Amino acid sequence: MNRQQLAYFERWAVRYETSPLQRCYFRPVHEAALRHVRRHAPLGARVLDVGCGTGSFLRQARQLLDRPRLYGVDVTSGMVKVAEGIEAARPQGDRAIRFMTATVEQLPFAAESFDVVASTLSFHHWSDQRRGVEEISRVLKPAGLVVLADHFACGWLRPFFATVGKRPMMRTDQEVEAMLWGAGLRTSSWEVAHCLRRLVRQGRGRPRPHVAGPSVPLVFLTTAYGPAAAARCPDQAGTRPSWLTSGDCGQWLP
Ligand SMILES: C[S@@+](CC[C@H](N)C(=O)[O-])C[C@H]1O[C@@H](n2cnc3c(N)ncnc32)[C@H](O)[C@@H]1O
């Protein structure tokens, strides 16, 4: 992320929690990521959210997991300040989330610290994505889970990002997998985490359950495991992505 983008996030931080995008855009992606986290996280799981923004994903994780230990890092100090403020407003015995200003490229944690590392809608901002993935792999326990959701350049988004000049940071599924594999992680699944129909459905005041139209994918999600989990379960050994298992959005995938 360059200085200009950092300044943009610093300005956005104070209004980020009340942005209409929370309901119609960020939250559905968080929900998709949390489905995987919930399935994998053991009792007392240590969960890290990288590029955590104001901490909404972690606050939802707190509701779903059993006695989790939750950590969030973000390069934007304003985002971290808002997240810390929200946490500080809770009763003292109830504060389970720690936030830090740090970059994914240099995570302030010891090796093999986390059962789960998640990141939502942040990856395309990282200054050094390869280094970020290596850092995630370093702090992940050998049987840990990585959940990465972002606007990957797949399906129609690939020519779109190329046209608007965004392609270098918007990685294809193959590029993301190559990075994950290069860092010792094994991709397990791919899915569409958010699509246009759902965005429209949730965009107005209250959810509208019957919006017709195609499920054009907007956000994709991949899961990957540390080497120990991959060795134990053959279906987590990292074959090609199971693209066409992504429900009604599958028709749009390459
Ligand atoms: C669109 S926001 C998403 C925030 C949050 N994950 C969510 O889903 O609401 C992207 C966030 O990624 C953070 N970010 C960008 N590059 C980063 C990096 N290299 N290391 C840590 N955080 C980063 C930004 O500061 C910003 O808060």
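Located above this text is the structure these notes cover.
Conventions we followed
- Residues numbered from 1 in each chain as written.
- Predicted model: local features only at pLDDT ≥ 70, side-chain atom pairs only at ≥ 80, totals over all residues.
- Heavy atoms only, no water.
- Salt bridge = Lys/Arg side-chain N within 4 Å of Asp/Glu carboxyl O.
- Helix = DSSP H or I, 4+ residues; strand = E, 2+ residues; numbered from the N terminus.
- Buried < 20%, exposed > 50% of the residue type's maximum accessible area, 1.4 Å probe, protein only.
- Contact = heavy atoms within 4.5 Å.
- Phe/Tyr/Trp six-rings, centres within 6.5 Å; stacked < 30°, edge-to-face > 60°.
- Lys NZ or Arg CZ within 6 Å of the ring centre and 35° of its normal.
- Near = heavy atom within 4 Å.
- Polar contact = N/O pair within 3.5 Å; in protein donor to acceptor, adjacent residues only side chain to side chain.
- Areas by Shrake-Rupley, 256 points an atom, 1.4 Å probe, with all protein chains shown as cover.
- Nonpolar A, V, L, I, M, F, W, Y, C, P; charged D, E, K, R; others polar.
- Arc of directions from axis to C-beta.
- Pairing = 2+ DSSP bridges.
- Axes fitted to C-alpha atoms, helices over the stretch in contact; angles between N-to-C directions.
- Parallel < 35°, antiparallel > 145°, perpendicular 65-115°, else oblique.
- Left-handed = near helix turned anticlockwise from the far one by under 90°.

## A look at the pattern of salt bridges
Pairing of side chains with opposite charge becomes possible as their charged atoms draw close.
Thinking step 1. On inspection of all chains with the given rule, the structure shows six salt bridges.
Thinking step 2. The salt bridge involving Arg59 is made with Glu17; its shortest N-O contact spans 2.9 Å. Placement of Arg59 in helix H3 (residues 56–64) and of Glu17 in the loop between helix H1 (3–16) and helix H2 (21–40) is noted, with a sequence separation of 42 residues between them.
Thinking step 3. With relative accessibility at 16%, the residue Arg59 sits in the buried group.
Thinking step 4. The exposure class assigned to Glu17 is partly exposed, which follows from its relative accessible area of 30%.
Thinking step 5. The closest approach of N and O atoms between Glu134 and Arg131, which form a salt bridge, is 3.6 Å. Taken together, the residues Glu134 and Arg131, both in helix H5 (residues 129–139) and three residues apart, mark about one turn of the helix.
Thinking step 6. What makes Glu134 partly exposed here is its relative accessible area of 36%.
Thinking step 7. Taken together, the shared-partner salt bridges in this structure form one network comprising Arg131, Glu134, Glu135 and Arg138.

## Regarding the side chain of Ser119
Thinking step 1. Among the structural elements, Ser119 can be located in strand E4 (residues 114–120).
Thinking step 2. The class for Ser119 is buried, based on a relative accessible area of 1%.
Thinking step 3. Setting aside its immediate chain neighbours within four residues, Ser119 contacts Asp49, Val50, Trp126, Val147, Leu148 and Ala149.

## Quick notes on the packing of aromatic side chains
Given two aromatic rings, one states the distance between the centres and the angle between the planes to describe the pair.
Thinking step 1. Overall, the coordinates contain 15 aromatic pairs when judged by the stated rule.
Thinking step 2. Look at Tyr8 and Trp12: their rings are 5.8 Å apart centre to centre, the planes differ by 50°, and that puts the pair in the tilted class. Residue Tyr8 and its partner Trp12 are both found in helix H1; the two are separated by four residues, about one turn of the helix.
Thinking step 3. Clustering of aromatic rings is evident, with ring pairs tying together Tyr8, Phe9, Trp12, Tyr16, Tyr25 and Phe26.
Thinking step 4. Across from the ring centre of Trp181, 3.8 Å away, lies the NZ or CZ of Arg186, which sits over that ring.

## Here we look at the site of the ligand
Thinking step 1. Around the ligand there are 20 residues in total, and Tyr16, Gly51, Asp74, Thr76 and Thr120 lie nearest to it.
Thinking step 2. In this structure, a nitrogen atom belonging to the ligand sits 3.3 Å away from a main-chain N or O atom of Val75.
Thinking step 3. Here an oxygen atom of the ligand sits 2.7 Å away from a polar atom, N or O, in the side chain of Thr120.
Thinking step 4. Against a free-state accessible area of 600 Å², the protein chains account for coverage of 97% of the ligand.
Thinking step 5. Taken together, the residues that form the shell around the ligand break down as 10 nonpolar, eight polar and two charged.

## Overview of helix H7 (residues 173–182)
Thinking step 1. For H7, the complete set of buried residues consists of Asp173, Val176, Glu177, Met179 and Leu180. Here the buried residues of H7 occupy an arc of 160° about the axis, which is enough to place them on one side.
Thinking step 2. Taken from the residues just after H7, Gly184 is the one with a positive phi, measuring 90°.

## What to know about the pairing of strand E7 (residues 217–225)
Thinking step 1. With nine of nine residues buried, E7 is to be regarded as a mostly interior element.
Thinking step 2. Inspection of the sheet shows strand E5 (residues 140–150) paired to E7 by six bridges, in the antiparallel sense. Residue Leu145 lies in a different strand from E7, and its bridge partner there is Tyr225.
Thinking step 3. Strand direction decides the pairing type here: strand E6 (residues 186–195) and E7, joined by eight bridges, are antiparallel.

## Section: the packing of H1 against helix H4 (residues 77–88)
Geometry of a packed helix pair, given as the angle between the helix axes and the separation of the axes.
Thinking step 1. The interhelical angle for the contact between H1 and H4, taken along N-to-C directions, is 20°, at an axis separation of 7 Å. Judged on the interaxial angle alone, H4 and H1 are roughly parallel. Considering only the axes of H1 and H4, their crossing is right-handed. Judged by residue contacts, Phe9, Glu10, Ala13, Val14 and Tyr16 of H1 engage Ser77, Gly78, Met79 and Val82 from H4.
Thinking step 2. Across the contact of H1 with H4, the residue classes tally to six nonpolar, two polar and one charged.

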